[in-house]
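Below are the chains, spelled out letter by letter.
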Amino acid sequence: MASKTVAKDIITLRGSAAIVSEFFGYAANSILYNRGVYPEESFVKVKKYGLPMLLTQDEGVKSFIANLNSQLSEWLEAGQLQRIVLVIMSKATNEVLERWNFTIETDSEVVEKGVSREKSDKEIMREIQAIMRQIASSITYLPCLDEACVFDVLAYTDKDVAVPFAWIESDPKLIANPQMVKLHSFDTKIHKIDTLVSYKNDDWDEQ
């Protein structure tokens, strides 16, 4: 009688780094689309994570995100990345309006000893789906951005990491007395990603 075997989903450091950097690329596209940073017609619809996702066709943004993902993968594999922040600013004044924070916890044993972990791809996808749905519904809990905006990405790495050629040292681009919304998290068992958006909301200031 044949025995039934179940394939286990093995997650390696490189595989986890690829999942996280790819997630950030799609999340960044979704934020730029849903927050109206770029015009709706400059995005195309694709299917990813079992959801309809939108990707920019702006060549400059595509190149920026592709280069960013490559660098993120390198840092993630080395266990050197602590946080990524996508910042949305006023084009006219450079005032920071929103900060999308992705905080990263890395399993140090995996980095140091090269061991792997187990978690099903479906479970990881379900967790990512929940975050993507929250980004897509952000118009329901974030104030309208009624001016032209630009974006930037900040990376928080270990202190001993050399600054890559294409990056510069930056101030943290903080928001004074921000409102905050905590979103879902996802975990590959090697990298755990916590998501939080903070935003400027003058309408809620106390009278």
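No experiment lies behind these values; they were computed from the predicted model shown.

Definitions and cut-offs
- Position numbers for residues start from 1 in each chain and track the written sequence from start to end.
- Local features in this predicted model are restricted to residues whose pLDDT is 70 or higher, and side-chain atom pairs enter the listing and the counts only when it is 80 or higher, whereas totals over whole chains, interfaces and linings include all residues.
- For the side-chain quantities, the full set of heavy atoms in the structure was used; hydrogens and water were omitted.
- The numbering of helices and of strands both runs from the N terminus, where a helix is a DSSP run of H or I of at least 4 residues and a strand a run of E of at least 2.
- For every residue, the accessible area obtained with a 1.4 Å probe (protein chains only) is divided by the maximum for its type, and the residue is called buried under 20%, exposed over 50%, and partly exposed between those limits.
- We call two residues in contact whenever any of their non-hydrogen atoms come within 4.5 Å of each other.
- Methods summary: accessible areas were calculated by the Shrake-Rupley approach with a probe of 1.4 Å, and residue burial reflects only the protein chains presented.
- DSSP-based pairing: two strands are paired if at least 2 bridges between them are found.
- Here a Phe, Tyr or Trp ring, Trp counted by its six-membered ring, pairs with any other such ring whose centre lies within 6.5 Å, and the pair is stacked when the planes are under 30 degrees apart, edge-to-face when over 60, and tilted otherwise.

**Observations regarding the overall build of the chain**
So, point 1. Scanning the chain from N- to C-terminus turns up 4 helices and 9 strands.
So, point 2. Beginning at the N terminus, the succession of helices and strands in the chain can be written as β-α-β-β-α-β-β-α-β-α-β-β-β.
So, point 3. The buried share among the 207 residues of the chain stands at 40%.
So, point 4. In the chain, 72% of the contacts between residues at least 6 apart in sequence involve partners at least 24 apart.
So, point 5. Element-wise, carbon and sulfur atoms account for 50% of the exposed surface of the chain, whose accessible area totals about 11,900 Å².

**Structural notes on the pairing of strand β5 (residues 96–106)**
So, point 1. Counted residue by residue, β5 has 8 buried out of 11 residues, so it is predominantly covered.
So, point 2. Relative to β5, strand β4 (residues 81–90) runs antiparallel, the two sharing 7 bridges. Each bridged residue has a counterpart across the sheet, and for Leu86 the counterpart in β5 is Trp100.
So, point 3. Taken together, β4 and the strand that follows it, β5, pair antiparallel across an intervening segment of 5 residues, in which Asn94 is found at a positive phi of about 65°.

**Quick word on the packing of aromatic side chains**
So, point 1. Applying the stated criterion across every chain yields a total of 7 aromatic pairs.
So, point 2. Taking the centre distance of 5.7 Å and the plane angle of 75° together, the rings of Tyr26 and Tyr49 count as edge-to-face. Of this pair, Tyr26 sits in helix α1 (residues 13–34) while Tyr49 sits in the loop between β2 (43–48) and β3 (51–56); the two residues are 23 residues apart in sequence, bridging distant segments of the chain.
So, point 3. Judged by its relative accessible area of 15%, Tyr26 is buried.
So, point 4. On the numbers, 5.4 Å between centres and 85° between planes, the contact of Phe64 with Phe151 is edge-to-face. Highlighted residues: Phe64 in helix α2 (residues 59–77) and Phe151 in strand β7 (residues 149–157), separated in sequence by 87 residues.
So, point 5. By relative accessible area, which is 33% here, Phe64 ends up partly exposed.
So, point 6. Members of the aromatic cluster, joined through ring pairs, are Phe23, Phe24, Phe102 and Phe186.

Coordinates in, geometry out; function isn't part of it.
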